[in-house]
Amino acid sequence: VLIILVALIIRAILLSASDRLIRQIVTGVKKKNGHTEEVSTPGVPANVTKSRQVQRTATMGAVFHNSISWAIYIIAFIQILQELGVPVVAIVASAGIGAAALGFGAQNVIKDILNGMFLVFEDQLGVGDKVDLGLAVGTVDSVGLRITVLHDDKGTVWFVRNGEIVRVGNMSYKQSQPVARVKKPSTSAKKK
């Protein structure tokens, strides 16, 4: 009971600390002379920047919360087994082998999740951005850890695995501006 109680207290403290840390990282809080100021992105409206920050915070928070929770649960479970006199070394060794086998089998899923984390951390795209992902071109509906959802001009909804995204062309990002091309008059028009 004491192990479970301590595990729950440690989990609550770590989740609270990670929430605070994630909010500071995502919103770009800088402390100057005792006051805080939020860094805005030039060329991006404030409401878009705010919604993108909320989305990034939610995504990173989910990743950290799950990681912290599972680590605490596993450690508490091992401690409880030790207190009950169960030989934990054999269980941990077999779990390590099982985790390695699962890791080899789930390489694509792990690649999707890691790439999704980098997409979010580096702010390469966000909800509402017009993007070219190579696999699909359209407006982003959602950015998850494993899948990015966008719809094109024809109404087709694309579910693109983040591990398959090798390039991102963001037409809505920062100083991105449309380029107007002027057609030069032909030489025959000049002669007339």
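In this report, the structure presented in the accompanying data block is examined.

How each quantity is defined
Residues numbered from 1 in each chain as written. Predicted model: local features only at pLDDT ≥ 70, side-chain atom pairs only at ≥ 80, totals over all residues. Heavy atoms only, no water. Core = buried A, V, L, I, M, F, W, Y, C linked by side-chain atoms within 4.5 Å. Buried < 20%, exposed > 50% of the residue type's maximum accessible area, 1.4 Å probe, protein only. Helix = DSSP H or I, 4+ residues; strand = E, 2+ residues; numbered from the N terminus. Contact = heavy atoms within 4.5 Å. Pairing = 2+ DSSP bridges. Phe/Tyr/Trp six-rings, centres within 6.5 Å; stacked < 30°, edge-to-face > 60°.

Here we take up the nonpolar core. Counting residues in each nonpolar core, the largest one holds 13 residues, and the members touching the most others are Leu-125, Leu-133 and Val-160. Residue assignment for this core shows that the elements contributing at least two residues are helix H4 (107–121) and strand E4 (137–143). Look past the residues within four positions of Leu-133 in its chain and what remains in contact with it is Leu-125, Thr-148, Leu-150, Val-160, Ile-165, Arg-167 and Val-168. If you look at the next biggest cluster of nonpolar residues, it comprises five residues, including Ala-7, Leu-15, Ile-68 and Ile-72.

One open sheet accounts for five strands, arranged E6-E5-E4-E3-E7; its pairing is antiparallel. Of all strands in the sheet, those bounded by a partner on one side alone are strand E6 (157–161) and strand E7 (169–170). For strand E5 (residues 147–151) and E6, the ladder comprises five bridges, and the chain directions are antiparallel. Its bridge partner lying in E6, Thr-148 is registered against Val-160.

Attention now moves to the packing of aromatic side chains. The geometry of an aromatic ring pair is captured by the separation of the ring centres together with the interplanar angle, meaning the angle of the planes. What the rule picks out here adds up to one aromatic pair. On the numbers, 6.2 Å between centres and 80 degrees between planes, the contact of Trp-70 with Tyr-73 is edge-to-face. Taken together, the positions of Trp-70 and Tyr-73, both in helix H2 (residues 46–83) and three residues apart, correspond to about one turn of that helix. The exposure class assigned to Trp-70 is exposed, which follows from its relative accessible area of 56%. Take Tyr-73: its relative accessible area is 40%, and that puts it in the partly exposed class.

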